[in-house]
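If you want the building blocks of each chain, they are given just below.
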Amino acid sequence: MVYEGMVCDSEEDAFKKYNEFARKVGFSVRKDKIYKRADGSIRSRMFVCFKQGLRKEDKRCKNTTKVRSESRTDCKARMSIKNEEDEWTVSEIVYEHNHLLATPSKAYMLHSQRKVKDVHLAEIKSLNATGITPVEGFNYMVHQAGGCQNVGITYVDYKNVLCKRREEELKKGDACIVMEYFIKMQA
């Protein structure tokens, strides 16, 4: 539980605690306003519900056929922290939401709750190296963890890791990749 007056070790520690609270309640968190001092150090920071605010008017072509549905509801739930002499204190917290919250069984799918950890990266790389398809690899991870809610990532996150890895390999250069492929096939 987070509360006014709570002291945190750092800005990231405060975000982590608010994010853990958000998972239990059933909403996602994002970082919002930041106020800095003249020397560049952070004076205060605000973390808000992901449905805070409203979308600005779309300035693209007025003849669009598919208009995106509004995902924001101008929710006022938030937590503000202040930094005074390297002590991070929760200065304000608003708990009320104006939208339905996710159930605990679905909270793992919220954006701020999904983090690809080093353990996931290593497992994804090893599964990919053995030639297992992304679907089979993700299903294996789900089976090992005992369900989707215990994995901590979604199938889309799994595929994004593979895409980023391929992009990094392409930075080496096409010729190097082809040579590595031929050497691997020759072996």
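Residues numbered from 1 in each chain as written. Predicted model: local features only at pLDDT ≥ 70, side-chain atom pairs only at ≥ 80, totals over all residues. Heavy atoms only, no water.

Novice: Lay out a positive patch on the surface with the relevant residues and their values.
Specialist: Taken together, the side chains of R55, K56, K59, R68 and R72 make up a positively charged region of the molecular surface. Within the element layout of this structure, R72 appears in the loop between β3 (42-49) and β4 (78-84). (Patch = residues over 30% accessible without salt bridge, like charges linked within 9 Å, V, L, I, M, F, W, Y side chains within 5 Å. Areas by Shrake-Rupley, 256 points an atom, 1.4 Å probe, with all protein chains shown as cover. Salt bridge = Lys/Arg side-chain N within 4 Å of Asp/Glu carboxyl O. Lys, Arg positive; Asp, Glu negative; His and termini not counted. Charge placed at Lys NZ, Arg CZ, Asp CG, Glu CD. Helix = DSSP H or I, 4+ residues; strand = E, 2+ residues; numbered from the N terminus.)

Novice: Before we move on, can you summarise the environment of N83 with the specific residues and values?
Specialist: Mapping N83 onto the fold places it in strand β4. Sequence spacing of N83 and R45 is 38 residues, and the spatial spacing of their C-alpha atoms is 8.5 Å. For N83, the contacting residues outside a window of four places in its chain are R37, I42, R43 and W88. In this structure the side chain of N83 is engaged in a polar contact, spanning 3.1 Å, whose partner is the backbone oxygen of I42. (Contact = heavy atoms within 4.5 Å. Polar contact = N/O pair within 3.5 Å; in protein donor to acceptor, adjacent residues only side chain to side chain.)

Novice: If you had to explain the layout of surface pockets to someone new, which residues and values would you point to?
Specialist: The volume enclosed by the largest pocket comes to roughly 330 Å³. When contributions to the lining of the largest pocket are tallied by element, the ones reaching two or more residues are α1 (11-25) and α4 (148-151). The leading source of residues in the lining of the largest pocket is α1, at five residues. Of the residues assigned to the lining of the largest pocket, the class counts are two nonpolar, seven polar and five charged. Each of domain 1 (1-102) and domain 2 (114-186) gives at least three residues to the lining of the largest pocket. (1 Å grid on protein atoms, 1.4 Å probe; cavity = no way out; pocket = protein on both sides within 12 Å on 5 of 7 lines; lining within 4 Å. Points joined across faces, edges and corners; volume = space filled by probe spheres on them. Nonpolar A, V, L, I, M, F, W, Y, C, P; charged D, E, K, R; others polar. Domains from an automatic or database assignment.)

Novice: Explain the side chain of S44 to me, and be specific about the residues and the numbers.
Specialist: Relative to the elements of secondary structure, S44 occurs in strand β3. Non-local contacts of S44, meaning those with residues more than four positions away in its chain, are made with K33, I34, Y35, I81 and K82.

Novice: Lay out the sheet that holds β4 with the relevant residues and their values.
Specialist: Strand order in the open sheet made by the five strands is β1-β5-β4-β3-β2, with antiparallel pairing throughout. Each edge of the sheet is formed by a strand with only one pairing partner; in this case those strands are β1 (7-8) and β2 (29-36). In terms of strand pairing, β3 meets β4 through five bridges, oriented antiparallel. Note that in β4 the partner of M46 across the bridge is S80. Contacts from α1 reach β1, β2, β3, β4 and β5 (87-94), with the element oriented near 150° to β2. (Pairing = 2+ DSSP bridges. Axes fitted to C-alpha atoms, helices over the stretch in contact; angles between N-to-C directions.)

Novice: Please give an account of the side chain of H120 that cites residues and values.
Specialist: By secondary structure assignment, the location of H120 is in helix α2 (residues 118-129). Only 2.8 Å separates the side chain of H120 from the backbone oxygen of V151, close enough to count as a polar contact. Sequence-distant contacts of H120, defined by excluding residues within four places in its chain, comprise K115, M141, V151 and I153.

Novice: Before we move on, can you summarise the packing of helix α3 (residues 134-145) against helix α5 (residues 155-171) with the specific residues and values?
Specialist: To describe two helices that pack against each other, one gives the angle between their axes and the distance between the axes. In contact at an axis separation of 10 Å, α3 and α5 are set at 125° when each is read in the N-to-C sense. Accordingly, the angle class assigned to the pair α3 and α5 is oblique. In the packing of α3 onto α5, the handedness of the crossing is right-handed. Where α3 abuts α5, its residues P134, V135, G137, F138 and M141 lie against Y155, Y158, K159 and L162. Each residue belonging to the contact of α3 with α5 can be placed in one class, and the counts come to seven nonpolar, one polar and one charged. (Parallel < 35°, antiparallel > 145°, perpendicular 65-115°, else oblique. Left-handed = near helix turned anticlockwise from the far one by under 90°.)

Purely geometric stuff here, so don't read any function into it on its own.
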